[in-house]
Amino acid sequence: NGNVERVRFVSYIPCSVLTAARELGRPAARSVIQFGHGLLQTREEGLWEMRDRCETTQSLLWAIDWAGMSRFDLLPLMKVLMSDLGKFPYVPAQLSQGFANGACSLWYLRTLLRHHPSFTLSVTTVTSTRGGGGGTNTLNK
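Residues numbered from 1 in each chain as written. Predicted model: local features only at pLDDT ≥ 70, side-chain atom pairs only at ≥ 80, totals over all residues. Heavy atoms only, no water.

Peer 1: Would you mind showing me how to read helix α5 (residues 90–111) here?
Peer 2: Three- or four-residue spacings in an α-helix give side chains the same orientation, since the helix completes a turn every 3.6 residues. Under the 1.5 Å per step criterion, the end-to-end length of α5 is 31 Å for 22 residues, consistent within 8% with the ideal 32 Å. Of all the positions in α5, only V91, Q94, G98, N101, G102, S105 and L109 are classed as buried. Buried residues in α5, looked at end-on, bunch into an arc of 100 degrees, giving them a common side. Residues F99, A103, C104 and R110 are exposed on α5 and point more than 90 degrees away from its buried face. Where the residues of α5 are buried, they touch β2 (31–35), β3 (59–64) and α4 (74–83). (Helix = DSSP H or I, 4+ residues; strand = E, 2+ residues; numbered from the N terminus. Expected span 1.5 Å × (residues − 1). Buried < 20%, exposed > 50% of the residue type's maximum accessible area, 1.4 Å probe, protein only. Arc of directions from axis to C-beta. Contact = heavy atoms within 4.5 Å.)

Below you can see the structure in the form of structure tokens.
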């Protein structure tokens, strides 16, 4: 029907995956961890909560904002609860949308995004920043 929702994501490729890829000459991630953030949080929470686990398990991290549970849903939820309970079906509808977004985003990662240069060995530099600081990990082919 033409309704398309854009779903933002974050992905983290740990140094252990880049190092193994350099040594093996091919992609070396053992698995993908899809992170589901806490109530009223965002996708970025996964970057800091799961970084060590991704490093030790050589796993990619994949996270989205779960509709109905992210901080971006707080204002619409408060509006429903404080002024118009007749619109309460919005709440479970958003939760359902969150699960649909999660399933579709994993399909997108497995089928289309896996061929994107950011997820292949053609990447030569990966930069991560937080709070103005940053670091660079380099993968030499």
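Peer 1: I tried to follow unusual backbone geometry on my own but got confused; where do I start?
Peer 2: Where the residue is not glycine, phi is negative for most of them; where a peptide bond is considered, it is trans in most cases. The backbone phi angle of Q58 is positive, close to 50 degrees, even though this residue is not glycine. Along the chain, Q58 turns up in the loop between α3 (51–57) and β3.

Peer 1: Quick question: what am I supposed to make of the nonpolar core here?
Peer 2: Soluble, globular proteins show a tendency: their nonpolar side chains are buried together. By size, the foremost hydrophobic cluster in this structure holds 10 residues: I13, V17, L18, L60, W62, I64, W66, L109, L113 and F119. When contributions to this core are tallied by element, the ones reaching two or more residues are α1 (15–24) and β3. Examining the composition of this core, we find that three residues originate from one element, β3, more than from any other. Listed in part, the nine residues of the second largest apolar core include Y12, I33, C54 and A63. (Core = buried A, V, L, I, M, F, W, Y, C linked by side-chain atoms within 4.5 Å.)

Peer 1: Where do I start with the packing of aromatic side chains in this structure?
Peer 2: Any aromatic ring pair is given by two values, namely how distant the centres are and how the planes are angled relative to each other. Summed over all chains, the structure comprises two aromatic pairs. Ring centres of F9 and W62 lie 4.4 Å apart, and the angle between their planes is 20 degrees; on these two criteria the pair is classed as stacked. Placement of the pair is F9 in strand β1 (residues 9–12) and W62 in strand β3, with a sequence separation of 53 residues. Judged by its relative accessible area of 33%, F9 falls in the partly exposed class. Where W66 meets F99, the ring centres are 5.5 Å apart and the plane angle is 70 degrees; that geometry is what we call edge-to-face. With W66 in the loop between β3 and α4 and F99 in helix α5, this residue pair connects regions lying 33 residues apart in the sequence. (Phe/Tyr/Trp six-rings, centres within 6.5 Å; stacked < 30°, edge-to-face > 60°.)

Peer 1: Is there a simple way to explain the side chain of D73 in this structure?
Peer 2: Take D73: it is sitting in the loop between β3 and α4. Nearest to the buried, unbridged D73 among oppositely charged side chains is R71, at 9.8 Å. Looking at D73, its side chain comes within polar contact range of the main-chain nitrogen of M69, at 3.3 Å. Ignoring any residue separated from it by four or fewer positions in sequence, one finds D73 in contact with W66, A67, G68, Y90 and Q94. (Lys, Arg positive; Asp, Glu negative; His and termini not counted. Salt bridge = Lys/Arg side-chain N within 4 Å of Asp/Glu carboxyl O. Polar contact = N/O pair within 3.5 Å; in protein donor to acceptor, adjacent residues only side chain to side chain.)

Everything listed is a geometric property; what it means functionally is a separate question.
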